[in-house]
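Reading the structure
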Amino acid sequence: MAFIEFDSVNKDYIMGEVTINALKNASFGIERGEFAVILGSSGAGKTTALNILGGMDSVTGGRVIIDDKEIQSLTDKQLVSYRRNDVGFVFQFYNLVPNLTALENIELASQICKDSLDPREVLNMVGLADRADNFPSQLSGGEQQRVTIARAIAKNPKLLLCDEPTGALDSTTGKQILQLLYDTCIERKVTVVLITHNVAISPVADRIIRFRNGTVYSIETNDTPMSVETVEW
């Protein structure tokens, strides 16, 4: 069994008398330690899939198994533990606490996890050791995203979920962030799932999953991923 099994998943949202089918019989698998990219236009269902993987949304039908855990069957308490200890999140718009320093933002995450990493070591890992005492407003967009990644890595997660992490960045900074995520996957053996509409990112992935209208219409494995530096943004 793969590390992630997304098996015939349906997700419906009911808005008054209207039912929106966000996911329709969507299926894919991701192996442990892979760098997987989920591609699709806005409204294709990729963010819904990511939220389900992260235990932030439930399924209407189907099964989601991650590291032998059936996510859809977990209690609320078990879901809190899963999100806290197993999953790291990287968002497009950083979501840093503005009145905490870079180091304190990372410490905030590490304090709630069982096997967290040292916050200062993680900050050094992302190249921001000299920015530990700076607040988010004193950091560039790329630096803020590095702090966000450091915060996620500090939890020492099994799974890193990234929602358009380069979407708000210029091409040079975006490549730096992509390289950092890729290095995290390789060096720390973390399974990375990155959703994006930017098809240029796909050649660096081990697995490329394409969504359209709530369904998975294409899955491609890549035996020879390209290096990040060769990506044409």
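The text that follows walks through the structure, step by step, so that each part is easy to find.

This paragraph deals with the nonpolar core. Ranked by size, the top nonpolar core spans 41 residues in total, and within it Phe35, Leu160 and Leu181 carry the most contacts. When residues of this core are traced back to their parent elements, those giving at least two are β3 (35–39), α3 (102–110), α4 (119–125), α5 (141–154), β7 (159–163), α6 (171–188) and β8 (191–196). With near-sequence residues (within four places) excluded, Phe35 lies in contact with Leu178, Leu181, Tyr182, Cys185, Val192, Leu194, Val204, Ala205, Asp206 and Arg207. Of all hydrophobic cores here, the second largest spans 30 residues; its members include Leu23, Leu50, Val64 and Ile195.

Mapped onto the elements of the fold, Asn105 is located in helix α3. With a relative accessible area of 1%, Asn105 lands in the buried category. Not counting the four nearest positions on each side in its chain, Asn105 is found in contact with Leu96, Val97, Leu100, Pro136, Val147 and Arg151.

Okay, the sheet that holds β8 next. Here we have six strands laid out as an open sheet, ordered β6-β7-β8-β3-β9-β10, and mixed in their pairing. For this open sheet the edge positions go to β6 (87–90) and β10 (215–221), each flanked by a neighbour on one side alone. When the angles between neighbouring strand axes are averaged without regard to direction, this sheet yields 15°. Pairing between β3 and β8: five bridges, direction parallel.

The next thing to look at is helix α1 (residues 46–53). Residues lying three or four places apart along an α-helix face the same way, a consequence of the helix completing one turn every 3.6 residues. Of all the eight residues making up α1, six are buried; the element is thus mostly covered by neighbouring parts of the structure. Buried within α1 are the following residues: Lys46, Thr48, Ala49, Leu50, Ile52 and Leu53. Gly55 sits one or two positions beyond α1 and adopts a positive phi of about 75°.

Moving on, we come to the sheet that holds strand β4 (residues 61–66). Working definition: the strands of a sheet are paired by backbone hydrogen bonds and lie parallel or antiparallel to each other. If you trace the four strands from one edge of the open sheet to the other, you get β2-β1-β4-β5, paired in antiparallel fashion. Each end of this open sheet is capped by a strand with a single partner; those strands are β2 (18–30) and β5 (69–70). Here strand β1 (residues 4–15) pairs with β2 via nine bridges, running antiparallel. Each bridged residue has a counterpart across the sheet, and for Phe6 the counterpart in β2 is Phe28.

Where α5 contacts α6, the two axes come as close as 10 Å, and the packing angle between them is 15°. On the basis of their axis angle, the class for α5 and α6 is roughly parallel. Crossing of α5 against α6: the hand is right-handed. Across the interface between the two elements, Gly142, Gln145, Arg146, Ile149 and Ile153 from α5 touch Thr173, Gln176, Ile177, Leu180, Leu181, Thr184 and Arg188 from α6. In the contact of α5 with α6, the residues fall into five nonpolar, five polar and two charged.

Below, the discussion takes up the environment of Ser140. Here Ser140 shows up in the loop between α4 and α5. With 104 residues separating them in the primary sequence, Ser140 and Ala36 have C-alpha atoms 27 Å apart.

Each value, and the rule that gives it
- Residues numbered from 1 in each chain as written.
- Predicted model: local features only at pLDDT ≥ 70, side-chain atom pairs only at ≥ 80, totals over all residues.
- Heavy atoms only, no water.
- Core = buried A, V, L, I, M, F, W, Y, C linked by side-chain atoms within 4.5 Å.
- Buried < 20%, exposed > 50% of the residue type's maximum accessible area, 1.4 Å probe, protein only.
- Helix = DSSP H or I, 4+ residues; strand = E, 2+ residues; numbered from the N terminus.
- Contact = heavy atoms within 4.5 Å.
- Pairing = 2+ DSSP bridges.
- Axes fitted to C-alpha atoms, helices over the stretch in contact; angles between N-to-C directions.
- Parallel < 35°, antiparallel > 145°, perpendicular 65-115°, else oblique.
- Left-handed = near helix turned anticlockwise from the far one by under 90°.
- Nonpolar A, V, L, I, M, F, W, Y, C, P; charged D, E, K, R; others polar.

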